[in-house]
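# Structural features, examined
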Amino acid sequence: MKITKNISIITARTLTTLVLLTAPVMMLWAQEMNEKFSMTTQMFLHELKEQPASVPHRAPGRRSSDGTTMRKARRLIASPDTVAGVAYISCFIHLKDASSLNEVRALGVEVEETFDGLDFVTARVPVNQLEALADIDNVTKIKVARQMRPLTDEARKVTNVDDLLTQSNDATALGITSKYDGTGVILGIIDTGIDFQHIAFKDKDGNSRIKRAYVYNGSSAQEYTSITSTSPTTDDNTEDHGTHTSSTAGGSSVIVSGSTVTVTDDHANATYGGIAPGADLYLAGIKGLYDTYLINALKNMVTYADSQGKPLVVSNSWGSG
């Protein structure tokens, strides 16, 4: 009992000492960080301090007990892009007055999108100007973009969408008399790696169902009003998730016979097909799933839908921590 008591006293004193030592360190770390920096911005700046400038900013690999490298942890925040020798990081910048951006732009910040009635902008900020940006009185918060994750979910048969498209006995028995195939609706997809020429996005006559395409490569954005046989494309051997999710959400019904693939309105006998094969498509292929890139694409979709006087549904197959 005496030994146990002494150990308890020693343990309590050790913990007290650790708390007393840790508290000042945490306070100093907090003081180093400007209150205008969000958690993602703090993570980014901490990462810069931890890694040499020549080392790419990646999530570190983990090692197992036997010393072998395990799968790398998922990245939570954006990585910088270097353009003309300048490293930029994508951010949300919150401001007291979002219409007053002269001081912000004077630092070399490239404002990408502004949002009517809202107090923030999306922008590409020179990494070496983050501290100076925080010193501007009009700036209230700087949030380095988060890294989204490509995810997908369930397809047409599992969700009983086929019953709607084919007007099955089950659908009729429930009093459902409309196909609900997306006709009259604009369907937006924001993702990485989209093959805009894929047959899933064509009608029976071979014409593209894509009314608008938005492509962002990390430094510049372009909206396409027509799709050719070669342009645009963001699908390659490393990024094709967007082709998958776009065809799942709004791909045309197709019949596959050997190496021949044809578009059909006969949904009941289709080999494959999306949930809304009748919708107008607005597909956005972006370089990375940063939330700043995502909201820029979303704004363009909303603007187009408003101009057409049609409802807009945006399908997202990604998430974050």
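It is worth spelling out the overall build of the protein chain at this point. Broken down by element type, the protein chain carries 8 helices and 14 strands. Scored against the burial criterion, the 321 residues of the protein chain give a buried share of 39%. Taking contacts inside the protein chain between residues at least 6 apart in sequence as the whole, the part at least 24 apart equals 69%. Accessible surface computed for the protein chain: about 18,100 Å², of which carbon and sulfur atoms make up 53%.

Turning our eyes to something else, we now look at the pairing of strand E7 (residues 186-191). Of all the 6 residues making up E7, 6 are buried; the element is thus mostly covered by neighbouring parts of the structure. Judged by which residues are buried, E7 turns out to be covered on both faces: Ile186, Gly188 and Ile190 on one side and Leu187, Ile189 and Asp191 on the other are all buried. Note that E7 and strand E12 (residues 280-286) share 6 bridges and pair parallel. Counted as the bridge partner of Ile186 is Asp280 from E12. In terms of strand pairing, E7 meets strand E13 (residues 312-315) through 4 bridges, oriented parallel.

A few words on the nonpolar core. Counting residues in each nonpolar core, the largest one holds 41 residues, and the members touching the most others are Ile89, Ile93, Val104, Val125 and Leu133. The element contributing the most residues to this core is helix H8 (residues 291-308), with 6 residues. Not counting residues within four places of it along the chain, the set of residues in contact with Ile93 comprises Val104, Val109, Asp119, Phe120, Val121, Ala123, Val125, Leu133, Val139 and Lys141.

Let us now look at the sheet that holds strand E8 (residues 210-216). Within a sheet, each strand pairs with its neighbour through backbone hydrogen bonds, oriented either parallel or antiparallel. The 5 strands are arranged E9-E8-E12-E7-E13 in an open sheet whose pairing can be described as mixed. The sheet is open, and its two borders are formed by strand E9 (221-224) and E13, each paired with just one other strand. The sheet shows a mean angle of 15° between the axes of neighbouring strands, taken without regard to direction. With 4 bridges connecting them, E8 and E9 associate as antiparallel partners. Looking across to E9, one finds that Tyr214 is bridged to Glu223. Strands E7, E12 and E13 of the sheet are contacted by helix H7 (residues 241-250), whose axis makes an angle of about 160° with E7. Relative to E7, H8 is tilted by about 165°, and along the sheet it contacts E7, E8, E9, E12 and E13.

Glancing now at a nonpolar patch on the surface. Taken together, the side chains of Met39, Met43 and Leu76 present a nonpolar region at the surface, about 280 Å² in accessible area. Tracing the backbone through its elements, the reader meets Met43 in helix H2 (residues 39-50). Overall, the relative accessible area of 31% leaves Met43 in the partly exposed class.

The full count for this structure, using the stated rule, is 5 aromatic pairs. Judged by centre distance (5.7 Å) and plane angle (75°), the rings of Phe92 and Phe120 are edge-to-face. With a gap of 28 residues between them, Phe92 in strand E2 (residues 86-95) and Phe120 in strand E4 (residues 120-126) connect regions that are remote in the sequence. An identical accessibility class is assigned to Phe92 and Phe120; each is buried. Seen in terms of ring centroids, Tyr290 and Tyr293 are 5.0 Å apart; in terms of plane orientation they differ by 50°. Their pairing is tilted. No difference in accessibility class separates Tyr290 from Tyr293, as the two residues are buried. Each residue in the set Phe92, Phe115 and Phe120 is aromatic and connected to the rest through ring pairs, giving one cluster. Here the basic side chain of Arg124 rests over the ring of Tyr88, its NZ or CZ set 4.4 Å away from the ring centre.

A word on the pattern of salt bridges. Evaluated as defined, the whole model comprises 7 salt bridges. Among the ionic pairs, Asp137 bridges to Lys96, the shortest N-O distance being 3.1 Å. Residue Asp137 is found in the loop between helix H4 (130-134) and strand E5 (139-144), and its partner Lys96 is found in the loop between E2 and helix H3 (102-106); the two are separated by 41 residues along the sequence. Residue Asp137 is classed as exposed on the basis of its relative accessible area, which comes to 56%.

A few words now on the environment of Tyr304. Relative to the assigned elements, Tyr304 resides in helix H8. Tyr304 sits in the buried class, given a relative accessible area of 9%. Measuring from C-alpha to C-alpha, the distance between Tyr304 and Lys211 comes to 9.5 Å, with 93 residues separating the pair along the chain. In contact with Tyr304, not counting residues within four places along its chain, are Ile186, Lys211, Arg212 and Tyr282.

Positionally, Thr122 belongs in strand E4. Among the residues examined, Thr122 registers a relative accessible area of 0% and is labelled buried. Engagement of the side chain of Thr122 in a polar contact is seen with the side chain of Asn296, the distance being 2.7 Å. Apart from residues lying up to four places away in sequence, Thr122 is in contact with Cys91, Phe92, Glu110, Val111, Glu112, Glu113, Phe115, Thr292, Ile295 and Asn296.

Parameters at a glance
- Residues numbered from 1 in each chain as written.
- Predicted model: local features only at pLDDT ≥ 70, side-chain atom pairs only at ≥ 80, totals over all residues.
- Heavy atoms only, no water.
- Helix = DSSP H or I, 4+ residues; strand = E, 2+ residues; numbered from the N terminus.
- Buried < 20%, exposed > 50% of the residue type's maximum accessible area, 1.4 Å probe, protein only.
- Contact = heavy atoms within 4.5 Å.
- Areas by Shrake-Rupley, 256 points an atom, 1.4 Å probe, with all protein chains shown as cover.
- Pairing = 2+ DSSP bridges.
- Core = buried A, V, L, I, M, F, W, Y, C linked by side-chain atoms within 4.5 Å.
- Axes fitted to C-alpha atoms, helices over the stretch in contact; angles between N-to-C directions.
- Patch = residues over 30% accessible without salt bridge, like charges linked within 9 Å, V, L, I, M, F, W, Y side chains within 5 Å.
- Salt bridge = Lys/Arg side-chain N within 4 Å of Asp/Glu carboxyl O.
- Phe/Tyr/Trp six-rings, centres within 6.5 Å; stacked < 30°, edge-to-face > 60°.
- Lys NZ or Arg CZ within 6 Å of the ring centre and 35° of its normal.
- Polar contact = N/O pair within 3.5 Å; in protein donor to acceptor, adjacent residues only side chain to side chain.

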